[in-house]
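# Observations on the model geometry
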Amino acid sequence: MMYRKSFEVVGYTYNADYHCIQCTLEYVQEKYKDTYSLWHDQFLGFRDEANDMDLILSDDEGNEVHPIFLDQVGDLVYEDDEDNQYMPHCGDCGEEIS
Ligand SMILES: [Zn+2]
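Residues numbered from 1 in each chain as written. Predicted model: local features only at pLDDT ≥ 70, side-chain atom pairs only at ≥ 80, totals over all residues.

## A word on the environment of Tyr86
- Mapped onto the elements of the fold, Tyr86 is located in strand β5 (residues 85-86).
- Given 11 C-beta atoms within a 10 Å radius, Tyr86 is considered exposed.
- C-alpha separation for the pair Tyr86 and Glu96, spaced 10 residues apart in sequence, amounts to 9.4 Å.
- Contacts of Tyr86, omitting those with residues within four sequence positions, involve Val77 and Tyr78. (Helix = DSSP H or I, 4+ residues; strand = E, 2+ residues; numbered from the N terminus. Buried ≥ 20, exposed ≤ 12 C-beta atoms within 10 Å, placed from the backbone. Contact = placed C-beta atoms within 7 Å.)

Below is the structure:
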């Protein structure tokens, strides 16, 4: 099994849904295309060093785009009445956030 850091970013939350990294990059690139070169390095760096994040990215509702860290995924798993577990999925492409 590949070693993964508990603070590895596995997805993001914005627009009241979960999103995978790829869809988030596309979303942010489109939304912030005028300042793409400004945020690009910081955004990618943000994936590894959350505390170095200077640039706050906001979604369509004015809320902050939040990273989902690997050790938070367990909190996002949805369990129904029959104990079936559902992993969070990307609201755009449907990819599992894990
Ligand atoms: Zn996606």
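## What to know about the pairing of strand β1 (residues 9-14)
- Most of β1 is tucked away, with 5 of its 6 residues classed as buried.
- Pairing of β1 with strand β3 (residues 66-69), which is carried by 4 bridges, proceeds in the antiparallel orientation. Its bridge partner lying in β3, Tyr12 is registered against Pro67.
- Two strands pair when backbone bridges link them, and β1 and strand β2 (residues 17-19) are joined in this way by 3 bridges, in the antiparallel orientation. Note on β2: the bridge partner recorded for Thr13 is Tyr18.
- Between β1 and β2, which pair antiparallel one after the other, the connecting turn spans 2 residues, and Asn15 there sits at a positive phi close to 50°. (Pairing = 2+ DSSP bridges.)

## Some remarks on unusual backbone geometry
- Although it is not a glycine, Asn15 sits at a positive phi angle of roughly 50°.
- With respect to the secondary-structure elements, Asn15 resides in the loop between β1 and β2.
- Given 15 C-beta atoms within 10 Å, Asn15 falls into the partly exposed group.
- Phi is positive for Ala16, close to 55°, though the residue is something other than glycine.
- Mapped onto the elements, Ala16 comes out in the loop between β1 and β2.
- For Ala16, a count of 10 C-beta atoms within 10 Å corresponds to the exposed category.

## Section: the sheet that holds β3
- Here 3 strands make up an open sheet; going across it, the order is β2-β1-β3 and the pairing antiparallel. Taken across any chain shown, the strands that pair with only one partner, and hence form the sheet edges, are β2 and β3. On average, each strand axis in the sheet is inclined to that of its neighbour by 35°, with strand direction left out of account. (Axes fitted to C-alpha atoms, helices over the stretch in contact; angles between N-to-C directions.)

## Digging into the environment of Lys5
- You can see Lys5 is positioned in the segment before β1.
- For Lys5, a count of 10 C-beta atoms within 10 Å puts it in the exposed group.
- In this structure the C-alpha to C-alpha distance between Lys5 and Asp71, which are 66 residues apart in sequence, comes to 8.4 Å.

This is a description of form; function is not addressed.
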